[in-house]
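Structural overview
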Amino acid sequence: MNTYHITFGTYGTRLHGGVEPTVHHERNRLGDDFEPENEAIRTFERNSLKATPSLLSTEQRLFLEKAIPAICERGNWKRHIEAAREYHVHVLLSAEADPKAVRKWLKSWLCQSLNEHFGKRSWFAEGGSGKWVNDDDYFNAVYQYILNQRTTNDG
């Protein structure tokens, strides 16, 4: 079983060309710098959105942090810790599956749950990351990082 740090953003909240660093998967290669600030690109992306950007409320973040353990169980993954923030979600888990597949199912099942409780909308952006956690020091650092971002205080 491999351990992954899965991260994905909310829909329409972290656009290329903005202040926050981003990677454009069609323009960037491994090792390239982040996308530079560029108001024209940010405006183009904002105008291309098909729905309103999705910022997670405190209630929705608490809901996600409580839903993720059951979703990990559904996927047959070992959940270590999760955190939901206004703009993104982090999950540290172990799974036999490829991290892209895990991220895809995790996002899909979380969207279903959110839609049932808060109404249908575009919750998450496409893509995200699934970094392999390959040693104890990295695991502990990621765990602490996620713990510090949790909306709830229980681990």
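Just above sits the structure.
The sections below set out a description of the structure shown in this document. All of these numbers come straight from a predicted model, not from anything done at the bench.

1. What to know about the overall build of the protein chain
Across its full length, the protein chain holds four helices and four strands. Seen in sequence order, the protein chain has helices and strands lined up from the N terminus as β-α-α-β-β-α-β-α. Evaluated residue by residue, the protein chain yields a buried proportion of 39% over its 155 residues.

2. Regarding the packing of helix α2 (residues 58-74) against helix α3 (residues 99-118)
Look at α2 against α3: their axes get within 10 Å of each other, and the N-to-C directions meet at 130°. It follows that α2 is oblique to α3 by the angle criterion. Of the two possible hands of crossing, α2 and α3 adopt the one that is right-handed. Here α2 contributes Glu-59, Gln-60, Phe-63, Leu-64, Ala-67, Ile-68, Ile-71 and Arg-74 to the contact with α3, which in turn contributes Leu-106, Trp-109, Leu-110, Gln-112, Ser-113, Leu-114, His-117 and Phe-118. By residue class, the composition of the contact of α2 with α3 is 10 nonpolar, four polar and two charged.

3. So, the pattern of salt bridges
Taken as a whole, this structure holds two salt bridges when the rule is applied. For Glu-82, the salt bridge identified is with Arg-79, shortest N-O distance 2.5 Å. On the basis of relative accessibility, which here comes to 1%, the residue Glu-82 falls in the buried class. Glu-82 serves as the salt-bridge partner of Arg-150, at 2.6 Å between the closest nitrogen and oxygen. Taken together, the residues Arg-150 in the segment after α4 (136-147) and Glu-82 in strand β2 (residues 78-84) connect sequence positions 68 residues apart.

Calculation rules
Residues numbered from 1 in each chain as written. Predicted model: local features only at pLDDT ≥ 70, side-chain atom pairs only at ≥ 80, totals over all residues. Heavy atoms only, no water. Helix = DSSP H or I, 4+ residues; strand = E, 2+ residues; numbered from the N terminus. Buried < 20%, exposed > 50% of the residue type's maximum accessible area, 1.4 Å probe, protein only. Axes fitted to C-alpha atoms, helices over the stretch in contact; angles between N-to-C directions. Parallel < 35°, antiparallel > 145°, perpendicular 65-115°, else oblique. Left-handed = near helix turned anticlockwise from the far one by under 90°. Contact = heavy atoms within 4.5 Å. Nonpolar A, V, L, I, M, F, W, Y, C, P; charged D, E, K, R; others polar. Salt bridge = Lys/Arg side-chain N within 4 Å of Asp/Glu carboxyl O.

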